[in-house]
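Observations on the model geometry
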Amino acid sequence: MGLTAAKIDPSAKQELVEGLTQALAETSVETMKAQNFHWNVTGMSFGPLHELFQKMYEDHFEGQDLLAERIKQFDMHAEGRYSVYLARSAVKEHDGHADAKEMIATLLADQEQISSTLSALCEIADQHGDWATNDLATARIEAHDKFAWMLRAHLK
């Protein structure tokens, strides 16, 4: 049976919030990286990549808000400092000095990393009967997997 945020055991909430915070950190770093690449992409594929990178950072910005709001539904603190995000994130920042192919490959690896982090969060949510967090993580996996597919198609 699924549980509402208020009914989940406090120790389970802590584990769920840890997973949500990890996903939030990685999504936040990726948001800035996609925007950085949006600003700095050049070359023959400028138009479609400029547009794709914008779609990514806009989607990810919304995703950050959804992840943070779920943390707040557990009555926990939603971390908002980039210094903390950068320290814990498996997704690393980038200075934006790269050709289009490197940008695509970098963002592709990041999308797959975030999807993996969210998959682990789904497992934790399942263990604790938290269908809402599972649903959120699943929706975010779908978004990141779609962006990964689009990026992969550019590399073929």
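Structural data are supplied above this passage.
A few points on the structure. (Residues numbered from 1 in each chain as written. Predicted model: local features only at pLDDT ≥ 70, side-chain atom pairs only at ≥ 80, totals over all residues. Heavy atoms only, no water.)

The residue S89 is located in the loop between α3 (82-88) and α4 (100-127) in this model. Exposure remark for S89: the relative accessible area of 2% places this residue in the buried category. Sequence spacing of S89 and D75 is 14 residues, and the spatial spacing of their C-alpha atoms is 23 Å. Those residues in contact with S89 that sit more than four places away from it in its chain are Q22, A25, E26 and V29. A polar contact is formed between the side chain of S89 and the backbone oxygen of V91, at a distance of 2.7 Å. (Helix = DSSP H or I, 4+ residues; strand = E, 2+ residues; numbered from the N terminus. Buried < 20%, exposed > 50% of the residue type's maximum accessible area, 1.4 Å probe, protein only. Contact = heavy atoms within 4.5 Å. Polar contact = N/O pair within 3.5 Å; in protein donor to acceptor, adjacent residues only side chain to side chain.)

Now for the packing of α4 against helix α5 (residues 131-155). The geometry of α4 relative to α5 is characterised by a closest axis approach of 8 Å and an angle of 160 degrees between their N-to-C directions. With respect to each other, α4 and α5 are oriented roughly antiparallel. In this structure, the crossing between α4 and α5 has a hand that is left-handed. For the contact of α4 with α5, the residue count by class is 15 nonpolar, eight polar and six charged. (Axes fitted to C-alpha atoms, helices over the stretch in contact; angles between N-to-C directions. Parallel < 35°, antiparallel > 145°, perpendicular 65-115°, else oblique. Left-handed = near helix turned anticlockwise from the far one by under 90°. Nonpolar A, V, L, I, M, F, W, Y, C, P; charged D, E, K, R; others polar.)

With that settled, consider α4. The end-to-end C-alpha distance of α4, which contains 28 residues, comes to 41 Å, matching closely the 40 Å that a straight helix rising 1.5 Å per residue would cover. Backbone geometry just after α4 places G129 at a positive phi near 65 degrees. (Expected span 1.5 Å × (residues − 1).)

This part covers the packing of aromatic side chains. By convention here, two paired aromatic rings are described through the distance between centres and the angle between planes. Evaluated as defined, the whole model comprises two aromatic pairs. Taking 6.3 Å as the distance between ring centres and 55 degrees as the angle between the ring planes, the aromatic pair formed by F37 and F53 counts as tilted. Of this pair, F37 sits in helix α1 (residues 10-40) while F53 sits in helix α2 (residues 46-73), placing them 16 residues apart in sequence. Taking relative accessible area as the criterion, F37 reaches 0% and is therefore assigned buried. Judged by relative accessible area, which is 0%, F53 ranks as buried. Geometrically, the ring pair formed by Y82 and Y85 is edge-to-face, given 5.5 Å between the ring centres and 85 degrees between the ring planes. Of this pair, Y82 and Y85 both sit in helix α3, three residues apart, roughly one helical turn. Looking at Y82, the relative accessible area reads 41%, which means it is partly exposed. Residue classification places Y85 among the buried residues on the basis of a relative accessible area of 5%. (Phe/Tyr/Trp six-rings, centres within 6.5 Å; stacked < 30°, edge-to-face > 60°.)

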